[in-house]
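Structural overview
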Amino acid sequence: MLLEGKKGLVLGVANKRSIAWAIAQALAREGAELAFTYQGDRLKESVEELAGTLAQKSPILPCDVTKDEEIKSLFNALGQAFGALHVLVHCIAFAPKEELEGRTVDTSRNGFSIAQDVSAYSLLALAKGAEPLMEKEGGSIIALTYLGAEKVVPNYNVMGMAKASLESGIRYLAYDLGPKNIRVNGISAGPVNTLAARGISGFTDMLAHHRDKAPLKRNVEISEIGDAALFLASSLSSGITGEVIHVDCGYSIVGM
Ligand SMILES: NC(=O)c1ccc[n+]([C@@H]2O[C@H](COP(=O)([O-])OP(=O)(O)OC[C@H]3O[C@@H](n4cnc5c(N)ncnc54)[C@H](O)[C@@H]3O)[C@@H](O)[C@H]2O)c1
């Protein structure tokens, strides 16, 4: 029970295929008490249904990360429900579909700012909201990223730049929050067939390419991402902050 007595917030569950849900299951398995958020009423029922399968009852709160007032209310409610917070999991990204195909040079100003706002700025805003609850007993913030931040991945385009910004944000946040014993790390996951991933043009080819080229000769299992997040959430990783760990069957080390 690595997370017994710990309280966590998981953002980004859309359905049972969501990486956030795999992470939630791993954290709950080790004893964490979890709260969840949903983006808009459309996803409320799905999140309630999944959270209802966990042993401990979870607060379920609305949070569209583009709305400052929803972030504020989230942490007010969480403060009342939990008192302290030990883990925050950020599994949120979005770019308009038309930006995830064709040439990056055609990216619109609006598409660029939406991708940055939802996928990168949100980590800063959430970390700021979590800080007063986390500084009490220390904590761990974990964000999901992808290789497209470091290398060109065709069609990932504007999201690659948003993830680069997110990864840089991880390091700056780790620097700011380290003195309060709040660690901030990223998991760069190999491709997984989720709702968000299906928005990327040619995603099925991407899955096959990773499977062929990765040293482990397979795609990553979603539960392996959950277990890596568990490691980062727990005291097993107490000396690690500002890091991005690749959980991609080794794909990112291969040059050819
Ligand atoms: N699936 C992959 O191949 C893969 C690989 C590496 C990293 N990731 C990252 O993992 C994270 C989770 O994505 P996923 O693949 O599980 O897909 P998903 O569709 O299950 O989750 C994406 C989540 O983002 C949320 N979201 C989007 N806009 C939001 C907003 N304005 N406010 C609040 N929430 C918002 C959605 O509601 C959804 O729950 C993302 O950051 C994604 O970039 C995914």
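Shown above is the structure to which this text applies.
What this report covers is the structure whose coordinates are included nearby. This is a predicted model, so every value here is computed, not measured. (Residues numbered from 1 in each chain as written. Predicted model: local features only at pLDDT ≥ 70, side-chain atom pairs only at ≥ 80, totals over all residues. Heavy atoms only, no water.)

Of the regular secondary structure elements, the protein chain holds seven helices and seven strands. When the helices and strands of the protein chain are placed in sequence order, the string is β-α-β-α-β-α-β-α-β-α-β-α-α-β. Against the globule reference of 18 Å for 256 residues, the protein chain gives a C-alpha radius of gyration of 17 Å, in line with a compact fold. Per-residue burial over the protein chain gives 52% buried out of 256 residues. Across the protein chain, every contact between residues at least 6 apart in sequence was considered, and the portion connecting residues at least 24 apart equals 76%. (Helix = DSSP H or I, 4+ residues; strand = E, 2+ residues; numbered from the N terminus. Rg over C-alpha atoms; globule rule 2.2 N^0.38 Å. Buried < 20%, exposed > 50% of the residue type's maximum accessible area, 1.4 Å probe, protein only. Contact = heavy atoms within 4.5 Å.)

Attention shifts here to the packing of aromatic side chains. Under the defined criterion, the tally for this structure stands at two aromatic pairs. Here W21 and F36 contribute two aromatic rings whose centre-to-centre distance is 6.1 Å and whose plane-to-plane angle is 45°, an arrangement assigned as tilted. Here the residue W21 occupies a position in helix α1 (residues 19-29), and F36 occupies one in strand β2 (residues 33-38), the gap between them amounting to 15 residues. We classify W21 as buried; its relative accessible area is 4%. A relative accessible area of 1% means that F36 is categorised as buried. (Phe/Tyr/Trp six-rings, centres within 6.5 Å; stacked < 30°, edge-to-face > 60°.)

On to empty space enclosed by the protein. Scanning the model with the defined rule gives one cavity of 30 Å³ or more in all. Put simply, the largest cavity is a space of about 30 Å³. Looking at the lining of the largest cavity residue by residue, the class counts come to four nonpolar, four polar and one charged. (1 Å grid on protein atoms, 1.4 Å probe; cavity = no way out; pocket = protein on both sides within 12 Å on 5 of 7 lines; lining within 4 Å. Points joined across faces, edges and corners; volume = space filled by probe spheres on them. Nonpolar A, V, L, I, M, F, W, Y, C, P; charged D, E, K, R; others polar.)

Unfilled space is identified by rolling a water-sized probe across the atoms. In this structure, the largest pocket occupies an estimated 1100 Å³ of space. Elements with a contribution of two residues or more to the lining of the largest pocket: α1, β2, β5 (139-145), α5 (157-177) and α6 (203-213). Within the lining of the largest pocket, the residues separate by chemical class into 29 nonpolar, eleven polar and four charged. Taken as a whole, the second largest pocket encloses approximately 340 Å³ of empty space.

With that settled, the discussion passes to the pattern of salt bridges. If you walk through the whole model with that rule in mind, you get seven salt bridges. One salt bridge in this structure joins D64 and K67, with 4.0 Å as the shortest N-O distance. In this structure D64 comes out as buried when scored by relative accessible area, which is 17%. Of the charged contacts in the structure, one is a salt bridge between E135 and K180, with a shortest N-O distance of 2.8 Å. Taken together, the residues E135 in the loop between α4 (109-134) and β5 and K180 in the loop between α5 and β6 (182-189) connect sequence positions 45 residues apart. Judged by its relative accessible area of 36%, E135 falls in the partly exposed class. Look at K180 and you get partly exposed, because its relative accessible area is 33%. (Salt bridge = Lys/Arg side-chain N within 4 Å of Asp/Glu carboxyl O.)

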